[in-house]
Amino acid sequence: MSLDSPEFSRGALLYQGKAKQVYATHDPARIIIHYTDGATAFNGLKKAEIADKGVINCRISAFFMEKVAAAGVPVAFERNLNDRDQLCLAVDIIPVEVVVRNVVAGGLARKLGLPEGQKLPAPLVEHFYKSDTLNDPQINESTAVLLGWAKAWELRAMHEYSLRVNSVLQAFWNELGIDLVDFKLEFGRVSIGSATAVVLADEITPDGSRLWERSTGRHLDKDVFRRDLGDLSETYRELYKRVFGKTV
Ligand code: 5GP
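Residues numbered from 1 in each chain as written. Predicted model: local features only at pLDDT ≥ 70, side-chain atom pairs only at ≥ 80, totals over all residues. Heavy atoms only, no water.

## Points about the packing of helix α1 (residues 53-70) against helix α4 (residues 152-175)
How two helices sit against one another is set out by the angle between their axes and by the gap between those axes. Stated formally: Inter-axis angles, ranging from 0 to 180 degrees, are taken between N-to-C directions of lines fitted to C-alpha atoms, where helices are fitted over the stretch in contact. Each helix is a run of DSSP H or I of at least 4 residues and each strand a run of E of at least 2, with the numbering of both proceeding from the N terminus. With respect to orientation, any angle under 35 degrees is reported as roughly parallel, any angle over 145 as roughly antiparallel, any angle of 65 to 115 as roughly perpendicular, and every other angle as oblique. Should the near helix be turned anticlockwise from the far one by less than a right angle, the crossing is termed left-handed; should it be turned clockwise, right-handed. Contacts are residue-level and defined by heavy atoms, with any inter-residue pair within 4.5 Å sufficient. Charged residues are taken to be Asp, Glu, Lys and Arg, nonpolar residues to be Ala, Val, Leu, Ile, Met, Phe, Trp, Tyr, Cys and Pro, and polar residues to be all remaining types, Gly included.
Here α1 crosses α4 at 120°, and the two axes come no closer than 9 Å. In this view, α1 runs oblique relative to α4, as classed from their interaxial angle. As α1 packs across α4, the resulting crossing turns out to be right-handed. On α4, the residues touching F63, F64, K67 and V68 of α1 are V165, V168, L169, F172 and W173. Split into classes, the residues belonging to the contact of α1 with α4 amount to eight nonpolar, no polar and one charged.

## A word on helix α6 (residues 232-244)
Heads up, the rule is: To estimate the expected span of a helix, count its residues, drop one, and scale the result by 1.5 Å. N or O atoms within 3.5 Å of each other form a polar contact, as long as, within protein, one can give a hydrogen and the other can take it, and as long as residues adjacent in sequence are counted only when both atoms are side-chain atoms.
For α6, spanning 13 residues, the distance from its first C-alpha to its last is 18 Å, which sits close to the expected 18 Å at 1.5 Å a residue. Against α1, α4, β12 (178-192), β14 (209-213) and α5 (223-226) lie the buried residues of α6. Two or three places before S233, at the start of α6, stands the capping residue D231, its side-chain oxygen 2.9 Å from that residue's backbone nitrogen. The first or second residue beyond α6 is G245, which carries a positive phi of 70°.

## A look at the pairing of strand β2 (residues 20-24)
The condition is simple: Any residue under 20% of the maximum accessible area for its type is buried, any over 50% is exposed, and the rest in between are partly exposed; the area is computed with a 1.4 Å probe on protein chains only. Only strands joined by at least two bridges in the DSSP assignment are considered to pair.
Of all the five residues making up β2, five are buried; the element is thus mostly covered by neighbouring parts of the structure. Here three bridges tie strand β1 (residues 13-16) to β2, and the two strands are oriented antiparallel to one another. Residue L13 lies in a different strand from β2, and its bridge partner there is Y23. Where β1 folds back on β2, the antiparallel hairpin that results is connected by three residues. Taken together, the five bridges between β2 and strand β3 (residues 30-35) define a ladder with antiparallel strand orientation. Along β3, the bridge assignment pairs K20 with Y35. Adjacent in sequence and paired antiparallel, β2 and β3 are bridged by five residues.

## Observations concerning the nonpolar core
Using the following cut-off: We call a set of buried Ala, Val, Leu, Ile, Met, Phe, Trp, Tyr and Cys residues a nonpolar core when their side-chain atoms join them within 4.5 Å. For the purposes of this description, domain bounds are those given by an automatic or database domain assignment.
Core analysis: the largest hydrophobic core is formed by 48 residues, its most contacted members being V96, V165, W173, F187, L200 and I204. It is α4 that provides the largest number of residues to this core, a total of nine residues. In terms of domain composition, this core takes at least three residues from each of domain 1 (13-89) and domain 2 (92-243).

What is shown is where atoms sit, not what they do.
Below, the structure is given as structure tokens:
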């Protein structure tokens, strides 16, 4: 079956995430990410259904994955199959999450007692061990290498790709008068013959980013839900309109 086959459809459920599900396809090299309307915060303690969030995130993530791929970052994303299903390369997820920060907020503000909103002199790249049971603790790169979670060269590639993603996203949001405060990325390994490559996996969405409207400081991201700042569905619809110039 060719890559452009329209016949990719969801097979066995491989992984049940908080806002997404991952399904097998007939092709062992490809999976489908299905975006649901589920929202969780505080490692699943707070839960809600947010109307159309899955559709909005599926389209926004595709839009940004294409942008960063065009900038030379290899991505697992291939194409959207419909409003909620995304065809991606099957990857072996590296259990090290990368957070890039341009402005102090959230975890960094809490940890160091810094005021939210303080601009950082350069992008700060942080690493977290992907573990729900441990609440994704912060680690450094030596820990990841020593414990076998990632190779040094993989971490170097992740670092370089994360900064490139930051430049692409920052330029885009800047044009819309929105500050990209921080965001989280996940990477995976794909085999190409006997070699392994690192690719950007998962999603690029307002669920995993902080986006602050420059003129008002208004939050246009999942903190609206985490911090009870308003209606997340309305916020995401508004963000969608600014990105695509039309309503969902
Ligand atoms: P913080 O460490 O300040 O809580 O989060 C930093 C950035 O990474 C924020 O943009 C936040 O949305 C994102 N982030 C960190 N961990 C997660 C996570 O487990 N899920 C999601 N959706 N985003 C995360």
